[in-house]
Amino acid sequence: MKLRLFHHRDGARVAYREAGTGPGLVLLHSALLSHREWEPAIEHLTDRFRLVLPDLPLHGDSEDRPHHPYTAAWMAEVMAAFCVETAGPSPLVGGHDLGAEILLRAVEAGLLEPAKLVLMPNCLHRPPERAGLRSAWRAATRVAAVPGLDRVLSHGAQRVFRPELGTTLSARSNPAARDLIRHAFADVAGNVNLARSWAIYARQFEVRARRELLDAYARITAPTLLLWADRDPLHPLQAAEEALDLLPDAQLRVLSGTGFLIAYDDPVGVGRELVAFCG
């Protein structure tokens, strides 16, 4: 896939890969991963779409310098501009976990008016599962703001997020998921800028339910696909079922036997559902 760079008006860069021909389809990956989260599904999509796979800010080859705010609103603004620049004013967009949450914020704020919106497992309006672990991550990450501890934290992250974690995130224990984690953290150790930027992000990171979405759903007029996993402990199906009742034009599809790494557990199913909905 071709590596390209998008530069936001404030100087933030977004690295992305592009493959295939047809209408642009932008897919945003999960927290702490990279564009490679979509690799297993690529072959099932590139004959129908020009697939656009960015690394989110703070991830992969994208922006990691500590002079940006890294707020949720800033992330939504940057990625909304990216989607419009790479796939047109009414793009086809989809996201998983953090990627889906960014898209929701962008649409909610009027920054993005997608032709179609695909939301894969994320918290939606419900409180995050395992909130204690998220709070512990937030507290540990904020330590990187202390001079001298930024480098220590960057090395520690690589030791914590070992490749073996990948197979535990796959309901089918797909061994290829090991390489996904290995790639995501390959350049983290010793990256002081990234550690400091994650500390900035962690300061404003909220571990709470976004109950305001219960009112905002009614204003999301884009046709929406809730493409869910049935064995993802971090994102229970109940959230998608509740959102389905509130979104004006939505449908819910569930891929059986899939966990957090939905594209690694059923790449054919992910490709099939995206083609059927967006194509």
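Residues at a pLDDT of 70 or more form 90% of the protein, whose mean pLDDT is 92. The least confident element of the protein is helix H4 (residues 149–160), whose mean pLDDT is 62; the most confident is strand S3 (residues 24–28), at 99.

According to the stated counting rule, one finds 18 salt bridges in the structure shown. Taking the shortest distance from any N to any O, the salt bridge between Glu18 and Arg4 comes out at 3.7 Å. In this pair, Glu18 sits in strand S2 (residues 13–19) while Arg4 sits in strand S1 (residues 2–7), placing the two residues 14 residues apart along the sequence. For Glu18, a relative accessible area of 16% translates into the label buried. Overall, the relative accessible area of 32% leaves Arg4 in the partly exposed class. A salt bridge links Glu108 to Arg210; the shortest N-O distance between them is 2.7 Å. Of the two residues, Glu108 is situated in helix H2 (residues 98–108) and Arg210 in the loop between helix H7 (192–204) and helix H8 (213–216); the sequence distance between them amounts to 102 residues. For Glu108, a relative accessible area of 28% translates into the label partly exposed.

Pairing of S1 with S2, which is carried by six bridges, proceeds in the antiparallel orientation. Paired with Leu5 across the two strands is Ala15, which belongs to S2. Hairpin connection of S1 to S2: five residues between the antiparallel strands, including Gly11 at a positive phi of 95°.

This part is about empty space enclosed by the protein. Evaluation of the coordinates by the stated rule reveals one cavity of 30 Å³ or more. If you add up the space inside the largest cavity, you get close to 60 Å³. In the lining of the largest cavity, the residues fall into six nonpolar, two polar and two charged.

With twelve residues, helix H11 (residues 267–278) extends 16 Å from end C-alpha to end C-alpha; this agrees with the ideal 16 Å at 1.5 Å per step. Taking burial as the measure, the twelve residues of H11 include nine buried ones, the bulk of the element. Among all positions in H11, only Pro267, Gly269, Val270, Gly271, Glu273, Leu274, Val275, Phe277 and Cys278 are buried. Where H11 is buried, its residues contact S3, strand S5 (92–95), strand S6 (116–119), strand S7 (224–229), strand S8 (250–255) and helix H10 (262–265).

Within the element layout of this structure, Thr258 appears in the loop between S8 and H10. Residue class for Thr258 comes out buried when judged on its relative accessible area of 0%. Residue contacts for Thr258: discarding those within four places in its chain leaves Ala171, Arg172, Trp228, Ala229, Asp230, Arg231, Asp232, Asp265 and Asp266.

Criteria and cut-off values
- Residues numbered from 1 in each chain as written.
- Predicted model: local features only at pLDDT ≥ 70, side-chain atom pairs only at ≥ 80, totals over all residues.
- Heavy atoms only, no water.
- pLDDT = per-residue confidence, 0-100.
- Helix = DSSP H or I, 4+ residues; strand = E, 2+ residues; numbered from the N terminus.
- Salt bridge = Lys/Arg side-chain N within 4 Å of Asp/Glu carboxyl O.
- Buried < 20%, exposed > 50% of the residue type's maximum accessible area, 1.4 Å probe, protein only.
- Pairing = 2+ DSSP bridges.
- 1 Å grid on protein atoms, 1.4 Å probe; cavity = no way out; pocket = protein on both sides within 12 Å on 5 of 7 lines; lining within 4 Å.
- Points joined across faces, edges and corners; volume = space filled by probe spheres on them.
- Nonpolar A, V, L, I, M, F, W, Y, C, P; charged D, E, K, R; others polar.
- Expected span 1.5 Å × (residues − 1).
- Contact = heavy atoms within 4.5 Å.

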